[in-house]
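Spelled out, the chains give:
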Amino acid sequence: MSEVFLKLVPRPQEPAHPIGGPRHYPGDVTARLAADAATIIAKYPQPRSALLPLLHLVQSHDGYLAAAGVDFCARQLDLTDAEVAAVATFYSMYRRFPTGKYLVGVCTNTLCAIMGGDAIIEALQDHLGISVGQTTNDGQVTLEHVECNAACDYAPVVMVNWHFFDNQTPCQARELVDQLCRGDVVTSSRGGPVCDFSTTARCLAGLPERQPERSGGEPGAATLAGLKVARELGMTARYPHTRQNRKGR
């Protein structure tokens, strides 16, 4: 049996800026965001449960999580700035530096890296003239590494504002960012047209009036392959006795 040696590119150090920017919003911005925040908070039995969507809300305004956004969320939920920042800095979805119109992420975890993720991110850095964590001069594209997004059956995966683009190659990824920069309508592999970063953040905040058009979303052949084999072999799942008992009642 022949041996295959794969050279994996080391993960570069990405910027992890402290939360900066202005400390407070102007009055008109605060009033507008407060109206949206009230809609979001009303969905939860405990106001502080709305923290994650409120962080998306302020990120939709600034393009990243600024100190003013932390202050706003804290005031809306009667929390301290430290409590808000502790949550915000735990999740990679909240950006700590300005983000372009399109956040392009390339998965470089093990399977995607082996299948070509490292080659894709290297090609995009050369093509865009930026390094990981940077934004193009025109503000269109920010490039980043992405941790596993449970789409290994479509490796390597590229994400644009958290929309999936499956089975990518360096050539396809270059064409994808060119389409984005041209302003073309780009449709993800298993969803609808890609919207800009701000609109995506408002959608994640739970504000339906700005949600982009959706389509598709059904699992593809690669995802269903195991189920297909199981059915062909007549395999079934056995429920634990406790669940069988509940089902029979």
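Predicted model only: the values in this text are computed from it and were never measured. (Residues numbered from 1 in each chain as written. Predicted model: local features only at pLDDT ≥ 70, side-chain atom pairs only at ≥ 80, totals over all residues. Heavy atoms only, no water.)

**Q** Outline the packing of helix H2 (residues 51–62) against helix H7 (residues 197–204), supporting the account with residue identities and numerical values.
**A** At their nearest, the axes of H2 and H7 sit 8 Å apart, and the two run at 160 degrees to each other. Viewed along their axes, H2 and H7 adopt a mutual orientation that is roughly antiparallel. Remark: the crossing between H2 and H7 carries left-handed chirality. Judged by residue contacts, Pro-53, His-56, Leu-57, Gln-59 and Ser-60 of H2 engage Phe-197, Ser-198, Ala-201, Arg-202 and Leu-204 from H7. Of the residues in the contact of H2 with H7, the class split is 5 nonpolar, 4 polar and 1 charged. (Axes fitted to C-alpha atoms, helices over the stretch in contact; angles between N-to-C directions. Helix = DSSP H or I, 4+ residues; strand = E, 2+ residues; numbered from the N terminus. Parallel < 35°, antiparallel > 145°, perpendicular 65-115°, else oblique. Left-handed = near helix turned anticlockwise from the far one by under 90°. Contact = heavy atoms within 4.5 Å. Nonpolar A, V, L, I, M, F, W, Y, C, P; charged D, E, K, R; others polar.)

**Q** Help me get a handle on the side chain of Thr-142, residues and values and all.
**A** Tracing the chain through its elements places Thr-142 in strand S2 (residues 141–146). Taking the relative accessible area as the measure of exposure, Thr-142 reaches 0% and is therefore buried. Among the polar contacts listed, one links the side chain of Thr-142 to the side chain of Thr-135, at a separation of 2.6 Å. In this structure Thr-142 touches Arg-95, Pro-98, Thr-99, Gly-100, Tyr-102, Leu-103, Val-104, Gln-134 and Thr-135, once residues within four positions along its chain are discounted. (Buried < 20%, exposed > 50% of the residue type's maximum accessible area, 1.4 Å probe, protein only. Polar contact = N/O pair within 3.5 Å; in protein donor to acceptor, adjacent residues only side chain to side chain.)

**Q** Tell me what's going on with the pairing of strand S1 (residues 102–107), and back it up with residues and numbers.
**A** With 6 of 6 residues buried, S1 lies mostly within the body of the structure. Because side chains alternate across S1, one face comprises the buried residues Tyr-102, Val-104 and Val-106, and the other comprises Leu-103, Gly-105 and Cys-107, equally buried. Strand direction decides the pairing type here: S1 and S2, joined by 6 bridges, are parallel. Note on S2: the bridge partner recorded for Val-104 is Leu-143. Pairing of S1 with strand S3 (residues 158–160) involves 3 bridges; the strand directions are antiparallel. Bridge pairing links Gly-105 to Met-159 in S3. (Pairing = 2+ DSSP bridges.)

**Q** Describe the packing of aromatic side chains, listing the residues and the values that go with them.
**A** One pass over the full model with this rule turns up 4 aromatic pairs. Ring geometry for Tyr-25 and Phe-72: centres 6.3 Å apart, planes at 65 degrees, overall edge-to-face. Remark: Phe-72 occurs in helix H3 (residues 67–77) and Tyr-25 occurs in the segment before helix H1 (27–41); sequence separation between them is 47 residues. Just as Tyr-25 is buried, Phe-72 falls in that class too. Taken together, Phe-90, Tyr-91 and Tyr-94 form an aromatic cluster joined through their ring pairs. (Phe/Tyr/Trp six-rings, centres within 6.5 Å; stacked < 30°, edge-to-face > 60°.)

**Q** Residues and numbers for the nonpolar core, please.
**A** Counting residues in hydrophobic clusters, the biggest one holds 25 residues, and the most contacted among them are Leu-54, Leu-55, Leu-57, Phe-72, Cys-73 and Val-84. Mapped onto this core, the elements with two or more residues apiece are H1, H2, H3 and helix H4 (81–88). Discounting residues that sit within four places of it in the chain, Val-84 has contacts with Leu-51, Leu-55, Val-70, Cys-73, Ala-74 and Leu-79. (Core = buried A, V, L, I, M, F, W, Y, C linked by side-chain atoms within 4.5 Å.)

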